[in-house]
Amino acid sequence: MQAIAQILLQQGPNLEAVRHMVLVFLAILPFLILLAIAIVMVPCWFILKKAGFTPWLAMLCILPSLGTLVLLYVLAFADWKVMPVPQPYWPPQPPYPPQPPAPPLSPQG
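Residues numbered from 1 in each chain as written. Predicted model: local features only at pLDDT ≥ 70, side-chain atom pairs only at ≥ 80, totals over all residues. Heavy atoms only, no water.

Asks: So what exactly am I meant to see when it comes to the confidence of the model for the protein chain here?
Replies: Low-pLDDT stretches of the model should not have their predicted coordinates read in fine detail. In this model, the protein chain carries a mean pLDDT of 82, and residues with pLDDT of at least 70 account for 84%. The least confident element of the protein chain is helix α1 (residues 2–11), whose mean pLDDT is 69; the most confident is helix α2 (residues 15–51), at 89. (pLDDT = per-residue confidence, 0-100. Helix = DSSP H or I, 4+ residues; strand = E, 2+ residues; numbered from the N terminus.)

Asks: Got a minute to help me understand helix α3 (residues 66–77) in this structure?
Replies: Side chains three or four residues apart in an α-helix point the same way, a direct result of the helix having 3.6 residues per turn. Its 12 residues give α3 an end-to-end C-alpha distance of 17 Å, which sits within 8% of 16 Å, the value for a rise of 1.5 Å per residue. Among the residues of α3, G67, T68, L71 and L75 are the ones counted as buried. When α3 is viewed along its axis, its buried side chains cluster within an angular range of 95 degrees and face the same direction. Exposed residues on α3 whose side chains face more than 90 degrees from its buried face are L66, Y73, A76 and F77. Buried-residue contacts for α3 involve α2. (Expected span 1.5 Å × (residues − 1). Buried < 20%, exposed > 50% of the residue type's maximum accessible area, 1.4 Å probe, protein only. Arc of directions from axis to C-beta. Contact = heavy atoms within 4.5 Å.)

Asks: What is the right way to read the packing of aromatic side chains from this model?
Replies: Any pair of aromatic rings gets described here by the distance separating the centres and the angle formed by the planes. Tallying each qualifying case throughout the model produces 2 aromatic pairs. Centre to centre, the rings of W45 and W56 are 5.1 Å apart; their planes meet at 75 degrees, and the pair counts as edge-to-face. With W45 in helix α2 and W56 in the loop between α2 and α3, this pair connects stretches of sequence that are 11 residues apart. On the accessibility criterion, W45 (23% relative accessible area) is partly exposed. (Phe/Tyr/Trp six-rings, centres within 6.5 Å; stacked < 30°, edge-to-face > 60°.)

Asks: Just checking my understanding: could you explain the packing of α2 against α3 for this structure?
Replies: In a packed pair of helices, the relevant descriptors are the angle between the two axes and the axis-to-axis distance. Two numbers describe how α2 lies on α3: the axes approach to 12 Å, and their chain directions differ by 20 degrees. One element, α2, and the other, α3, form an angle in the roughly parallel class. The chirality of how α2 crosses α3 is left-handed. Where α2 approaches α3, its residues V40, C44, I47, L48 and A51 are matched on the opposing element by T68, L71 and L75. When grouped by side-chain class, the residues that make up the contact of α2 with α3 number 7 nonpolar, 1 polar and no charged. (Axes fitted to C-alpha atoms, helices over the stretch in contact; angles between N-to-C directions. Parallel < 35°, antiparallel > 145°, perpendicular 65-115°, else oblique. Left-handed = near helix turned anticlockwise from the far one by under 90°. Nonpolar A, V, L, I, M, F, W, Y, C, P; charged D, E, K, R; others polar.)

Next comes the structure, spelled out in structure tokens:
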């Protein structure tokens, strides 16, 4: 932005320089958008796969704001198909080893 402001202030409104900068920016913009979508889509793909959903739902990230928001709501409020089995609060007691028989009582007397 500073480069654009300096060019405009130093040379006046040189329309060719501004047009060239805009064309360069428009040429780079699609690649930046694809990079941003990929940065969001790859983690969503793995999260969906681990949650038991089809990873193709990550394609919703192609619609940057609405699609990703819908995907987040799907992940947040859906029942995940892959969940760990809940562990009981108290583990079952192991069986006690058998006790040896008591010794016979000897008569005193």
